[in-house]
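# Examining the three-dimensional arrangement
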Amino acid sequence: MPNKRILITGAAGFLGSHLSDRFIQEGFDVVGMDNLITGDIKNIEHLMGLKEFEFYHHDVSKYVHVPGHIDYILHFASPASPIDYLKIPIQTLKVGSLGTHNLLGFAMAKKARILVASTSEVYGDPTVHPQNEDYWGNVNPVGPRGVYDEAKRFQEAITMAYHTYHGLETRIVRIFNTYGPRMRLNDGRVLPAFIGQALRGEDLTIFGDGTQTRSFCYQSDLIEGIYRLLMSDYPYPVNIGNPSEITINQFAEEIIKLTGTTQKLVHKPLPKDDPKQRQPDISRAKEILGWEPKINREEGLKITYDYFKSLSPEELKKSAHRFD
Ligand code: UDP
């Protein structure tokens, strides 16, 4: 019997690379695909020599073809930080819409099961707290986040349509803020921003008054939840995230304690449509997948900080975007 074979789009990204590692550990052959706009080949360099891993440098918003059998697909290709999708809004819309359509067609052709990466951004700036999967969201379609939020909402809609109309085996994960090694230092997200600033001896930038909340999940917990969801028979959206919620001010204090930085906190304007609060209700994941996060923030932040500390001074200095 040949190994099970899985296509992972966005394989050179933060989550895609950890998923590639996990599925290789589980005995799969992994086909990684990435156009390397926001992904980094360094994240998967260690897999390149393995016979269980192959890599396609390809943009999934164009026709997707991989020879041979494919049993599973994980669609994780997409810019995922507010700064990225502000810089490349059209690509963001295309990968979530055209890219998803291509991969659903590809899944049909291969008779493969497909899991698509959705996001807590489908809830927008939520008026329900914590957010459960039955909440429909509060999204501004024409705001700066609209290109990501609406692409992901369309992605969920077309994935459900392929499930109901074509009987395709589909899974939808709604991912909340996640962190860990291999996040891009310059992706603009709050954790690499704060840690990068601490390491470079710069002030920490708090957007707005810092009372907005987020709930941060360590990557290995998220990967476990995704693995369980893919192997389950549940076709409806499932939130995966860590319900431990803090304000951005508290988060900055934790980073100051962790890094020992003596720099100040400085306030910058709050970006438009920045959600005021975000916390996953994970009752569904607990019930259906028997899943809950195990790594607390203290532990996860320490591992992540050690990773960023291990980067070279040149990498640390990087602040410009590759597509500037
Ligand atoms: N944020 C901040 N300083 C930064 C970067 C982000 O205060 O240098 C805030 C941002 O306004 C948001 C929160 O941190 O309220 C999380 O931002 P991130 O970009 O990580 O992801 P989001 O959850 O907004 O998609």
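Residues numbered from 1 in each chain as written. Predicted model: local features only at pLDDT ≥ 70, side-chain atom pairs only at ≥ 80, totals over all residues. Heavy atoms only, no water.

Before going further, it helps to spend a moment on the site of the ligand. Around the ligand, the structure places 18 residues, and the nearest of them are Thr 205, Phe 207, Arg 214, Asp 274 and Arg 278. Interatomic distance of 2.9 Å between a side-chain N/O atom of Arg 145 and an oxygen atom of the ligand. For the ligand, the protein covers 96% of the area, taking 520 Å² as the surface of the free molecule. Contributions of two or more residues to the shell around the ligand are made by α5 (190-200) and β8 (204-207). (Near = heavy atom within 4 Å. Polar contact = N/O pair within 3.5 Å; in protein donor to acceptor, adjacent residues only side chain to side chain. Areas by Shrake-Rupley, 256 points an atom, 1.4 Å probe, with all protein chains shown as cover. Helix = DSSP H or I, 4+ residues; strand = E, 2+ residues; numbered from the N terminus.)

Moving on, we get to the side chain of Asn 186. Relative to the assigned elements, Asn 186 resides in the loop between β7 (178-179) and α5. Of note is the side chain of Asn 186, whose polar atom sits 2.7 Å from the side chain of Arg 184.

Now for helix α3 (residues 89-110). Two residues of an α-helix separated by three or four positions point the same way, owing to the 3.6 residues in each turn. End to end, α3 covers 30 Å across 22 residues, agreeing with the expected 32 Å (1.5 Å per residue, within 8%). Within the sequence span of α3, burial applies to Thr 92, Val 95, Gly 96, Ser 97, Gly 99, Thr 100, Leu 103, Leu 104, Phe 106 and Ala 107. Among the structural elements, β1 (5-9), β4 (72-75), α2 (82-87), β5 (113-119), α4 (146-166) and β6 (170-175) are those in contact with the buried residues of α3. Lys 111, located one to two residues past α3, shows a positive phi value of around 55°. (Expected span 1.5 Å × (residues − 1). Buried < 20%, exposed > 50% of the residue type's maximum accessible area, 1.4 Å probe, protein only. Contact = heavy atoms within 4.5 Å.)

With 12 residues, helix α1 (residues 14-25) extends 17 Å from end C-alpha to end C-alpha; this agrees with the ideal 16 Å at 1.5 Å per step. Residues of α1 that are buried include every one of Phe 14, Leu 15, Gly 16, Ser 17, His 18, Leu 19, Ser 20, Asp 21, Arg 22, Phe 23 and Ile 24, and no others. Of the residues trailing α1, Gly 27 is marked for its positive phi of about 95°.

Our next topic: the sheet that holds strand β3 (residues 53-57). One open sheet holds the seven strands; their spatial order is β3-β2-β1-β4-β5-β6-β11, and the pairing between them is parallel. Edge positions in the open sheet fall to β3 and β11 (238-240), since each of these has one partner strand only. Going across the sheet, the axis of each strand differs from the next one's by a mean of 20°, ignoring polarity. Pairing of β4 with β5 involves four bridges; the strand directions are parallel. The residue bridging Leu 74 from the neighbouring strand is Leu 115, located in β5. (Pairing = 2+ DSSP bridges. Axes fitted to C-alpha atoms, helices over the stretch in contact; angles between N-to-C directions.)

Each pair of packed helices can be summarised by the angle the axes make with each other and by the distance between the axes. Contact geometry for α3 and α4: axes closest at 8 Å, N-to-C directions at 15°. Our classification of the angle between α3 and α4 gives roughly parallel. You can see that α3 and α4 cross each other, and the crossing is right-handed. Of the residues in α4, those touching α3 at Pro 89, Thr 92, Leu 93, Gly 96, Ser 97, Thr 100, His 101, Leu 104, Gly 105 and Met 108 are Val 147, Tyr 148, Ala 151, Phe 154, Gln 155, Ile 158, Thr 159, Tyr 162 and His 166. Classifying every residue of the contact of α3 with α4 by side-chain character gives 10 nonpolar, nine polar and no charged. (Parallel < 35°, antiparallel > 145°, perpendicular 65-115°, else oblique. Left-handed = near helix turned anticlockwise from the far one by under 90°. Nonpolar A, V, L, I, M, F, W, Y, C, P; charged D, E, K, R; others polar.)

With respect to the helices and strands, the residue Val 116 is situated in strand β5. Its relative accessible area of 0% is what places Val 116 among the buried residues. Separated by 62 residues in sequence, Val 116 and Glu 54 have C-alpha atoms that sit 21 Å apart.

Counting buried positions over the five residues of β1 gives five, a clear majority of the element. Direction of pairing for β1 relative to strand β2 (residues 29-34): parallel, over a ladder of five bridges. Bridging across to β2, Thr 9 finds its partner in Met 33. In terms of handedness, the path from β1 via α1 over to β2 forms a crossover that is right-handed. Taken together, the four bridges between β1 and β4 define a ladder with parallel strand orientation. Residue pairing in the sheet places Thr 9 in a bridge with His 75 of β4. (Right-handed = clockwise from strand over helix to strand, strands pointing away.)

Keep in mind that these numbers describe shape and distance, not what the molecule does.
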